[in-house]
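What follows is each chain in one-letter form.
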There are 4 protein chains.
Amino acid sequence: MTTDSATFRWPVRVYYEDTDAGGVVYHARYLNFCERARTEWLRARGWEQDALRDQHRLVFVVARASLEYRRPARFNDALTVTCEVANRRSAVVDFVQRVEHSADSSVLCEVSVRVVCVDTDSFRPKTIPEPILESFA
Amino acid sequence: MTTDSATFRWPVRVYYEDTDAGGVVYHARYLNFCERARTEWLRARGWEQDALRDQHRLVFVVARASLEYRRPARFNDALTVTCEVANRRSAVVDFVQRVEHSADSSVLCEVSVRVVCVDTDSFRPKTIPEPILESFA
Amino acid sequence: MTTDSATFRWPVRVYYEDTDAGGVVYHARYLNFCERARTEWLRARGWEQDALRDQHRLVFVVARASLEYRRPARFNDALTVTCEVANRRSAVVDFVQRVEHSADSSVLCEVSVRVVCVDTDSFRPKTIPEPILESFA
Amino acid sequence: MTTDSATFRWPVRVYYEDTDAGGVVYHARYLNFCERARTEWLRARGWEQDALRDQHRLVFVVARASLEYRRPARFNDALTVTCEVANRRSAVVDFVQRVEHSADSSVLCEVSVRVVCVDTDSFRPKTIPEPILESFA
């Protein structure tokens with residue numbers, strides 16, 4: 001898998017809070033790292049999620065996730081998390097993401113995440129407004 | 001410090017998620033453990049916090065906390081968290097709590113927590129309703 | 001999908017620490033809940049993971065995970081996490097797990113987890129000792 | 001309390017993972033934020049904690065912490081965490097830290113943390129090597 005130079009990349013440092021007694025990053029934390037990258041990817045496109053929630057009454061929720069753990073990340077590692085849109089339609093966006101060692105771009109974890117746009121109150125799917133969806137192209 | 005036989009006690013098991021690469025329980029997690037014990041202490045008195053929030057429009061928030069770490073807890077340890085009221089008045093309740101090894105009651109962490117009852121929406125202090133406050137005696 | 005009466009079930013209560021500002025359980029936490037259930041499933045078969053690590057020099061690490069989020073869990077919900085072995089061979093065990101509402105057994109999240117037995121120090125795959133693997137039948 | 005222009009400051013963004021169903025940052029997370037700032041403060045002085053652990057056989061552990069919560073932080077807030085040494089001697093360093101809104105420097109949480117340098121294996125206090133302690137001045 002090659003990475004387009006345009007791929008969004010977000011740096012994440014591994015702190016003690018991210019690790020477990022096995023000496024490596026706790027497996028669930030990769031989902032946290034990926035969400036930070038998606039949040040910053042959204043912000044880079046001009047969308048602040050608190051404004052989307054309060055003004056557009058929409059929230060993006062995770063409907064599906066899968067993770068392949070290649071190699072463990074360790075305390076104090078400098079990581080890079082990528083974020084790319086694989087598919088988008090109506091209320092659904094599929095992301096492919098990778099967690100890499102920043103130093104050599106070796107892949108530690110490959111992640112697929114399906115996000116659904118839902119109404120803030122009812123939690124029912126809601127079509128992503130056109131200006132937002134367009135900015136995901 | 002002696003413990004009255006009436007002291008509320010809540011068991012907590014240490015899982016990988018609670019530990020860090022130092023091989024011990026991550027220091028912030030003791031606040032999580034203590035909150036679980038306070039939640040169960042409230043439940044034992046008949047108060048479900050989701051009902052308090054939705055029906056009484058009140059939430060208990062932590063206003064102050066202090067922790068003395070005596071000895072580290074480790075992966076797979078069986079812990080007991082105590083919960084006692086030190087002071088209560090109007091909108092404020094002060095708790096003293098301990099995290100102990102269940103096997104020998106040795107103290108791992110001593111915690112003081114001040115909780116304030118606030119309005120769900122405004123987050124302003126709100127007098128604790130009498131039946132609730134009485135049950136804290 | 002029917003559930004054998006022999007399916008292992010572990011209760012999990014949703015505390016504030018598990019929720020996010022969307023009012024629901026944070027999506028990564030389901031992996032924590034599932035690991036708690038696998039840990040207790042192991043314990044019920046007689047295996048304490050700290051002893052496996054120290055005496056057998058083996059650790060179980062997550063190599064793959066996938067999650068389908070059906071419905072959100074909320075603050076104070078009483079959940080049940082199931083744990084069943086789908087496949088096992090040499091150093092690999094595949095689990096299927098579900099997070100359910102305890103009250104009505106409605107499924108909130110379906111999870112598949114591949115766990116690999118690795119050497120404590122080298123993190124290389126290590127055949128699961130026969131008595132342990134047999135107990136997984 | 002005035003802040004010297006030389007005070008170390010570390011930015012922290014509030015993600016969903018940091019919040020709870022009350023709509024605010026979960027109270028224990030402030031300890032995580034403060035540790036990130038102390039880690040980066042150490043790094044800025046030239047000390048990488050994985051190297052300190054592996055080469056100097058020393059780890060800094062939290063022995064005491066106290067937190068005063070002034071105002072809640074919320075989802076998507078841009079925060080700044082300060083880090084200053086209040087006292088240092090032998091194996092002990094006392095930090096005072098603040099979590100502020102980056103926009104207006106309003107204080108959300110005031111934190112005191114006592115850190116003790118311990119031996120990696122025995123977890124017994126260990127005098128901080130002179131070059132390290134000097135760099136804390």
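Residues numbered from 1 in each chain as written. Chains lettered and ligands numbered in written order. Predicted model: local features only at pLDDT ≥ 70, side-chain atom pairs only at ≥ 80, totals over all residues.

1. Observations regarding the sheet that holds strand S1 (residues 8–13) of chain B
Step number 1: One open sheet holds the 10 strands; their spatial order is S1(B)-S3(B)-S4(B)-S5(B)-S2(B)-S2(D)-S5(D)-S4(D)-S3(D)-S1(D), and the pairing between them is antiparallel. Pairing within the sheet leaves two strands with one partner each, and these edge strands are S1 of chain B together with strand S1 (8–13) of chain D. Strand-to-strand twist in this sheet, taken as the mean axis angle between neighbours without regard to direction, amounts to 25°.
Step number 2: As paired elements, strand S2 (residues 58–69) of chain D and strand S5 (residues 107–119) of chain D share 11 bridges and run antiparallel to each other. Residue pairing across strands places valine 62 of chain D opposite valine 115 of chain D, the latter belonging to S5 of chain D.
Step number 3: Where helix H1 (residues 29–44) of chain B meets the sheet, its contacts fall on S1, strand S2 (58–69), strand S3 (78–89), strand S4 (92–101) and strand S5 (107–119) of chain B, and the angle it forms with S3 of chain B comes to roughly 65°.
Step number 4: The strands that helix H1 (residues 29–44) of chain D touches are S1, S2, strand S3 (78–89), strand S4 (92–101) and S5 of chain D; relative to S3 of chain D, the one it contacts most, it runs at about 65°. (Pairing = 2+ DSSP bridges. Helix = DSSP H or I, 4+ residues; strand = E, 2+ residues; numbered from the N terminus. Axes fitted to C-alpha atoms, helices over the stretch in contact; angles between N-to-C directions. Contact = placed C-beta atoms within 7 Å.)

2. Re unusual backbone geometry
Step number 1: For arginine 57 of chain A, which is not a glycine, the phi torsion comes out positive at approximately 55°.
Step number 2: Its location among the elements puts arginine 57 of chain A in the loop between helix H2 (49–55) and strand S2 (58–69).

3. Looking at the sheet that holds S2 of chain A
Step number 1: Spatially, 10 strands are ordered S1(A)-S3(A)-S4(A)-S5(A)-S2(A)-S2(C)-S5(C)-S4(C)-S3(C)-S1(C) in an open sheet, and the strand pairing comes out antiparallel. Since the sheet does not close on itself, it has two edges, and those belong to strand S1 (8–13) of chain A together with strand S1 (8–13) of chain C, each with one partner. Mean inter-strand twist for the sheet, computed between neighbouring axes without regard to direction, equals 25°.
Step number 2: Where strand S4 (residues 92–101) of chain C lies against strand S5 (residues 107–119) of chain C, 9 bridges are found, and the strand directions are antiparallel. The residue of S5 of chain C that forms the bridge with arginine 98 of chain C is glutamate 110 of chain C.
Step number 3: Along the sheet face, helix H1 (residues 29–44) of chain A touches S1, S2, strand S3 (78–89), strand S4 (92–101) and strand S5 (107–119) of chain A and points at about 65° away from the line of S3 of chain A.
Step number 4: Relative to the sheet, helix H1 (residues 29–44) of chain C contacts S1, strand S2 (58–69), strand S3 (78–89), S4 and S5 of chain C, its axis offset from that of S3 of chain C by approximately 65°.

4. What about the relation of the copies chain C and chain B?
Step number 1: Expressed as a screw operation, the relation of chain C to chain B combines 0.0 Å of axial shift with a rotation of 180°, fitting to an RMSD of 0.0 Å. In symmetry terms, the pair is related by a two-fold rotation axis. Within chain C, the C-alpha atom positioned nearest to the axis of rotation is that of valine 12 of chain C, 5.8 Å from it.
Step number 2: Mapped onto chain B, 100% of the interface residues of chain C are again interface residues, and the two copies thus contact each other with one and the same surface. (Least-squares fit on C-alpha atoms with pLDDT ≥ 70 in both.)

5. Some details on the interface of chain C and chain B
Step number 1: On the side of chain B, 12 residues touch chain C, which itself brings 12 residues to the contact.
Step number 2: Of all elements in the fold, only H1 and helix H2 (49–55) of chain C reach the threshold of two or more residues within the side of chain C that touches chain B.
Step number 3: In terms of residue count, the dominant contributor to the side of chain C that touches chain B is H1 of chain C (4 residues).
Step number 4: Residue composition of the side of chain C that touches chain B, grouped by class: 3 nonpolar, 4 polar and 5 charged. (Nonpolar A, V, L, I, M, F, W, Y, C, P; charged D, E, K, R; others polar.)

6. Structural notes on the relation of the copies chain A and chain C
Step number 1: Note on the identical chains: chain A maps onto chain C by a rotation of 180° and an axial translation of 0.0 Å, with an RMSD of 0.0 Å.
Step number 2: Most of the interface of chain A is mirrored in chain C: 100% of its interface residues are interface residues there too.

7. Notes on the interface of chain A and chain C
Step number 1: In this complex, chain A contributes 17 residues to the contact, which on the side of chain C involves 17 residues.
Step number 2: Of all the elements in the fold, those that place two or more residues in the side of chain A that touches chain C are H1 and S2 of chain A.
Step number 3: With 10 residues, S2 of chain A is the single largest residue contributor to the side of chain A that touches chain C.
Step number 4: The residue inventory of the side of chain A that touches chain C, partitioned by class, reads 11 nonpolar, 4 polar and 2 charged.

8. Looking at the environment of serine 102 of chain D
Residues and elements named next belong to chain D.
Step number 1: Inspection of the secondary structure puts serine 102 in the loop between S4 and S5.
Step number 2: Taking C-alpha positions, serine 102 is 8.3 Å from aspartate 77, a pair spaced 25 residues apart along the chain.
Step number 3: Each residue touching serine 102, except ones within four places of it in the same chain, is listed here: Pro11, Ala78, Leu79 and Thr80.

9. Quick notes on the confidence of the model for chain A
Step number 1: For chain A, per-residue confidence averages 95 on the pLDDT scale, and residues scoring 70 or more make up 96% of the total.
Step number 2: For this predicted complex, the interface confidence score (ipTM) comes to 0.95, while the overall pTM stands at 0.96. (pLDDT = per-residue confidence, 0-100.)

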